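# Topology and contacts: notes
Residues per chain are reported as follows:
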Amino acid sequence: MTKEHEIIETGWNLDNSYARLPQTFFSSVKPTPVSSPKLVMLNHPLATSLGLSSQALLSNDGAAVFGGNRIPEGASPLAQAYAGHQFGHFTMLGDGRAILLGEQITPVGERFDIQLKGSGRTPYSRRGDGRAALGPMLREYIISEAMYALGIPTTRSLAVVKTGEDVVRETILPGAILARVAASHLRVGTFQYAAKWGTIEDLQVLADYTLKRHFPDVYAGEKKYLSLLQEVIKRQAVLIAKWQLVGFVHGVMNTDNMTISGETIDYGPCAFMNTYDPATVFSSIDTHGRYAYGNQPSIAAWNLARFAETLLPLLHDDQEEAIKIAQGAISDFTELYHTHWLTGMRAKLGLFNEEIEDESLIEGLLNIMQKHRADYTNTFRALTFGKLNDMALFDTTEFEQWHELWQARLGRQEEPEASSHQLMRNSNPAVIPRNHRVEVALEAAVKNGDYSVMERLVDVLSRPYAHSPEQDDYAALPEPSTRPYRTFCGT
């Protein structure tokens, strides 16, 4: 089949700019074929936006590509090298079970990585088998697409293929491969790898590549490497604020899980918070709460400081001066994050303008929510529609006093009540991927081969701000349980 014929039929239009970096940054390796690939999930809207034909991808040929059994024309498969601080400890890493097929150039000229996750061993697998289980790959599909619908920068899920082979973890599980789409898979850990094991020339090549790919407006600037640091800080400030505003807990904010593009990546032990509590942790391995919900902004700042350290040789020839430059840039993160978070919280309360007491008003509500163990998402949903009769929180004197302050604050702005209501509708989701709903969908798919539950869930989550009647069931809380909800890395 010629490349021209394939582009017409399937739409693959792959480039391989990362493969043109120095060899130290990757290892060329092909996916390990699987016995009987079967496509179980395909993201039709995403496929279309990428310039791919859903009809062609639904064929056996599509399953063969996503299963790693066939390499599409123009691909140059590779595994990326990177390092990272995992729970504060630095180590050599790399794509141990993921292979980058190439970069799809869309009909409008955008560039996106196409990566197969769970596609077999690579030189970075260490003792791993390079494979993935069906449940975690479906989980990433659900959560990443929900994040996209919520307006949060994220990698996305194009397809999930069952491999027809088992993987051995604590138990024997069905194997699967996820086709993941990203603006790039460049990470803080990529730069840590370059700084530790590469030359200064390698680091400079990587930085120039990153600037050209993600920040072309500052690519040729006089202080372009400082601009690179500043732009990454800005994007992460936006991202983490958006996480906090919807109650998202990533669960494993290692430096290798922080992208340079500002996209959320690696949905292993993540989950959405029900009861508001800054100490919320879901990950089974985060025993000390390093990556708790309330710690996410400070961990982001810590990760960014590690990124800044890698750039020191490029910021200034004198190390002390380079450190001062880096510290100045990093010091901006906290204020940037706080500004984005405060703006988002004002919107959640229907506030258009700024008053000095707004933060006190917001913190007052959050404190009451924490004290009375109120659901984060449903509290703001109830405030949006004035339904203050179905949560114990609303019957307290504390809330009544807070509500009076809030109503007075709304009354001091020029915008009419209808505008405030619409702002709240657009800022407070009706639905999030409730943990119990996700588990039910995964159980139906993995144990019974029934993907309809997951498909309905993904459909409902694709319109989080619709506030439609059919979303009511998906907004309901789970039955009370004495056991805390725990998530796992999904390896």
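Since we're looking at a predicted model, the values are computed, not measured.

### What about the side chain of R434?
Among the secondary structure elements, R434 is positioned in the loop between α15 (417-427) and α16 (435-448). A distance of 3.1 Å separates polar atoms of two side chains, one belonging to R434 and the other to N378. Each residue touching R434, except ones within four places of it in the same chain, is listed here: N274, D375, T377, N378, Y474, A475, A476 and L477.

### Considerations on the environment of Q115
By the secondary structure assignment, Q115 is in strand β8 (residues 111-117). When the C-alpha atoms of Q115 and V167 are compared, they prove to be 20 Å apart, with 52 residues separating the residues in sequence. What Q115 contacts, discounting residues up to four positions off in sequence, is D95, A98, I99, L100, L178, A179, R180 and H185. Side-chain polar atoms of Q115 contact the side chain of H185, separated by 3.4 Å.

### Looking at unusual backbone geometry
Working note: non-glycine residues mostly have negative phi, and peptide bonds are mostly trans. Positive phi, close to 55°, is recorded for F87, a residue that is not glycine. One can find F87 in the loop between β5 (83-86) and β6 (89-92).

### Focus: the pattern of salt bridges
Pairing between side chains of opposite charge can happen when their charged atoms approach one another. Within the structure shown, the criterion is met by 26 salt bridges. As a salt-bridge pair, E103 and R111 come within 2.6 Å of each other at their nearest N and O atoms. The shortest N-O distance in the salt bridge between R213 and E103 comes to 3.7 Å. One end of the pair, R213, is in helix α7 (residues 200-214); the other, E103, is in strand β7 (residues 98-105), and 110 residues separate them in sequence. R213 sits in the buried class, given a relative accessible area of 17%. Under the relative-accessibility criterion, E103 is labelled buried at 1%.

### Remarks on the packing of α7 against helix α8 (residues 224-246)
One way to put it is that α7 packs onto α8 with a least axis distance of 10 Å and a crossing angle of 55°. When the axis of α7 is compared with that of α8, the two are oblique. Viewed along their axes, α7 and α8 form a crossing whose handedness is left-handed. For the pair α7 and α8, contact is made by Q204, A207, D208, T210, L211 and H214 and by K224, Y225, L228 and R235, respectively. Along the lines of polarity and charge, the residues of the contact of α7 with α8 split into four nonpolar, three polar and three charged.

### Side note on helix α13 (residues 376-385)
Counting buried positions along α13 yields nine of 10 residues, so the element is predominantly enclosed. For α13, the complete set of buried residues consists of Y376, T377, N378, T379, F380, R381, A382, L383 and T384. Contacts made by the buried residues of α13 are with α8, α11 (332-348), α12 (358-371), α14 (397-411), α15 and α18 (472-475). Where α13 begins, the capping side chain belongs to D375, and its oxygen is found 3.3 Å from the backbone nitrogen of T377.

### So, the packing of aromatic side chains
On inspection of all chains with the given rule, the structure shows 18 aromatic pairs. A centroid spacing of 6.1 Å and a plane angle of 75° characterise the contact between Y18 and Y209, whose relative ring orientation is edge-to-face. Placement of the pair is Y18 in the loop between β1 (14-15) and β2 (26-28) and Y209 in helix α7, with a sequence separation of 191 residues. Given the relative accessible area of 2%, Y18 is considered buried. Ring plane angle 25° and centroid distance 5.8 Å describe the contact between Y276 and Y376, whose orientation is recorded as stacked. In this pair, Y276 is assigned in the loop between β13 (271-272) and α9 (296-315) and Y376 in helix α13, connecting sequence segments 100 residues apart. We note that Y276, like Y376, is buried. Among the aromatic side chains, those forming a connected cluster through ring pairs are F25, F90, Y193 and W197. Lying across the ring of Y82, R187 places its NZ or CZ 4.4 Å from the centre. Over the ring of F380 we find K348; its NZ or CZ atom is 4.5 Å from the centre of that ring.

Analysis parameters
Within each chain, residues carry numbers counting from 1 in the order of the written sequence. Whole-chain, interface and lining totals are the exception, using all residues; otherwise, since this is a predicted model, local features are given only for residues with pLDDT of at least 70 and side-chain atom pairs are given and counted only at 80 or more. Values shown for side chains rest on all heavy atoms present in the structure; no hydrogens or waters enter the calculation. Every helix listed is a DSSP run of H or I at least four residues long, and every strand listed is a run of E at least two residues long, numbered separately from the N terminus. Each polar contact in these results corresponds to two N or O atoms within 3.5 Å; when the atoms are within protein, one needs to be able to donate a hydrogen and the other to accept it, and residues that are neighboring in sequence are counted only if both atoms are side-chain atoms. Every residue pair with non-hydrogen atoms within 4.5 Å of one another is taken to be in contact. The term salt bridge refers to a side-chain nitrogen of Lys or Arg lying within 4 Å of a carboxyl oxygen of Asp or Glu. Using a 1.4 Å probe on the protein chains alone, a residue whose accessible area is under 20% of its type maximum counts as buried, one over 50% counts as exposed, and one in between counts as partly exposed. Interaxial angles span 0 to 180 degrees and are taken between N-to-C directions of axes, which are lines fitted to C-alpha atoms, for helices over the stretch in contact. Reported orientations rely on four angle classes, namely roughly parallel under 35 degrees, roughly antiparallel over 145, roughly perpendicular from 65 to 115, and oblique for the rest. Should the near helix be turned anticlockwise from the far one by less than a right angle, the crossing is left-handed, and should it be turned clockwise, the crossing is right-handed. When residue character is reported, Ala, Val, Leu, Ile, Met, Phe, Trp, Tyr, Cys and Pro are called nonpolar, Asp, Glu, Lys and Arg charged, and the others, Gly included, polar. Ring pairs shown here join Phe, Tyr and Trp side chains whose ring centres sit within 6.5 Å, with only the six-membered ring taken for Trp; geometry is labelled stacked below 30 degrees between planes, edge-to-face above 60, and tilted in between. By definition here, charges over rings are those cases where NZ of Lys or CZ of Arg is within 6 Å of the ring centre and within 35 degrees of the ring normal.

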